[in-house]
Amino acid sequence: MGNKVVTFTEQQLEDYQDCTFFTRKEILRVFKRFREVNPELVPKRMTENQAHTIVVPVEEIEKLPELKENPFKRRICEVFSHDGSGNLTFEDFLDMMSVFSEAAPRDIKAWYAFRIYDLDDDMFIGREDLLEATRLLTKGELHPHERDEIVASVLDEADVDGDGRLSFMDFEHVVVRAPDFLSTFHIRI
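Residues numbered from 1 in each chain as written. Predicted model: local features only at pLDDT ≥ 70, side-chain atom pairs only at ≥ 80, totals over all residues. Heavy atoms only, no water.

Within an unreviewed UniProt entry, the label attached to the protein reads Calcium and integrin-binding family member 2, and the organism entered is Vanessa tameamea.

(A) Just the packing of helix α1 (residues 10-18) against helix α2 (residues 24-37), in detail. Taken N-terminus to C-terminus, the directions of α1 and α2 make an angle of 100 degrees; their axes are 10 Å apart at the nearest point. Between α1 and α2, the interaxial angle falls into the category roughly perpendicular. Packed against α1, whose contacting residues are Glu 10, Leu 13, Glu 14, Tyr 16 and Gln 17, the element α2 presents Arg 24, Ile 27 and Leu 28 at the interface. Residue classes in the contact of α1 with α2 are distributed as 4 nonpolar, 1 polar and 3 charged. (Axes fitted to C-alpha atoms, helices over the stretch in contact; angles between N-to-C directions. Helix = DSSP H or I, 4+ residues; strand = E, 2+ residues; numbered from the N terminus. Parallel < 35°, antiparallel > 145°, perpendicular 65-115°, else oblique. Contact = heavy atoms within 4.5 Å. Nonpolar A, V, L, I, M, F, W, Y, C, P; charged D, E, K, R; others polar.)

(B) Focus on the packing of aromatic side chains. The final tally for this structure, using the stated rule, is 17 aromatic pairs. With 4.7 Å between their ring centres and 15 degrees between their planes, Phe 80 and Tyr 112 make a pair best called stacked. One end of the pair, Phe 80, is in helix α4 (residues 73-80); the other, Tyr 112, is in helix α6 (residues 106-117), and 32 residues separate them in sequence. Given the relative accessible area of 5%, Phe 80 is considered buried. Since its relative accessible area comes to 21%, Tyr 112 is described here as partly exposed. The structure contains a cluster of three or more aromatic residues connected by ring pairs, namely Phe 8, Tyr 16, Phe 31, Phe 34, Phe 90 and Phe 93. The cationic tip of Arg 165 hangs over the ring face of Phe 124; the distance from NZ or CZ to the ring centre is 3.4 Å. (Phe/Tyr/Trp six-rings, centres within 6.5 Å; stacked < 30°, edge-to-face > 60°. Buried < 20%, exposed > 50% of the residue type's maximum accessible area, 1.4 Å probe, protein only. Lys NZ or Arg CZ within 6 Å of the ring centre and 35° of its normal.)

(C) A look at the UniProt feature "domain: EF-hand" (unreviewed entry) in the protein. Mapped onto this numbering, the UniProt entry annotates "domain: EF-hand" (unreviewed entry) at residues 68-103, 105-140 and 146-181. When the span residues 68-103 is considered, its composition is 50% helix and 0% strand, and the gap between its end C-alpha atoms is 23 Å. Structurally, residues 105-140 comprises 64% helix and 0% strand, and the distance from its first C-alpha atom to its last is 32 Å. (UniProt positions renumbered as here; feature names shortened; annotations may be inferred.)

(D) Structural context of the nonpolar core. The biggest cluster of nonpolar side chains holds 49 residues, and the ones touching the most others in it are Ile 61, Phe 90, Phe 93 and Met 96. Take this core: its biggest share by element is 6 residues, from helix α5 (residues 90-99). In contact with Phe 93, other than residues within four places in its own chain, are Val 30, Arg 33, Phe 34, Ile 61, Leu 64 and Leu 88. (Core = buried A, V, L, I, M, F, W, Y, C linked by side-chain atoms within 4.5 Å.)

(E) Here's a closer look at helix α7 (residues 127-137). Every buried residue of α7 is accounted for by Asp 129, Leu 130, Leu 131, Ala 133, Thr 134 and Leu 136. Contacts from the buried residues of α7 go to α6 and α8 (144-158). Lys 139 lies just past α7 and shows a positive phi near 55 degrees.

(F) Fine view of the pattern of salt bridges. For the structure on display, the rule yields 12 salt bridges. Linking Arg 75 and Asp 121 is a salt bridge whose minimum nitrogen-to-oxygen distance equals 2.7 Å. Of the two residues, Arg 75 is situated in helix α4 and Asp 121 in the loop between α6 and α7; the sequence distance between them amounts to 46 residues. The closest approach of N and O atoms between Glu 132 and Arg 135, which form a salt bridge, is 2.6 Å. Here Glu 132 pairs with Arg 135, and both are found in helix α7, just 3 residues apart, close to one helical turn. Residue class for Arg 135 comes out partly exposed when judged on its relative accessible area of 33%. (Salt bridge = Lys/Arg side-chain N within 4 Å of Asp/Glu carboxyl O.)

Written out as structure tokens, the structure reads:
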């Protein structure tokens, strides 16, 4: 009993609970997953400073079973990393896992899904974003004209204001009508 390693202070755990959709127990489970990625780099006991200064390289995060088969694994890491590099601190990792948790609301999930598909970070999902997303999803197996047809169909269906790109409102409108969105935008801890 006296040998128990205290990973975070009570205040840190309270703060993490306040800004995630996790319980204390889930936060500690997420930390365990983060530490398993690189146990030599991530200490068992994190000081307040280390939670946002120790950075695990994106190449190691991408090897997690939950991400390794996802064609957007690099982009997911980039969206959640504090500097856009894809390298994650514990706090970045906790944010990512929180958004992908069952408890995260649809609007939060929709915002991050939009950010992931907005590959050029211009706050719109444009034709080039959709072409690249289609290429990633089909592992490059479609001919360019087939990808063009898919992109034209998506824009025709979802581009409410007809400007040739999807705003967050356009994207959210589609996501609300997708019954499987919540179950697919999910990582179990």
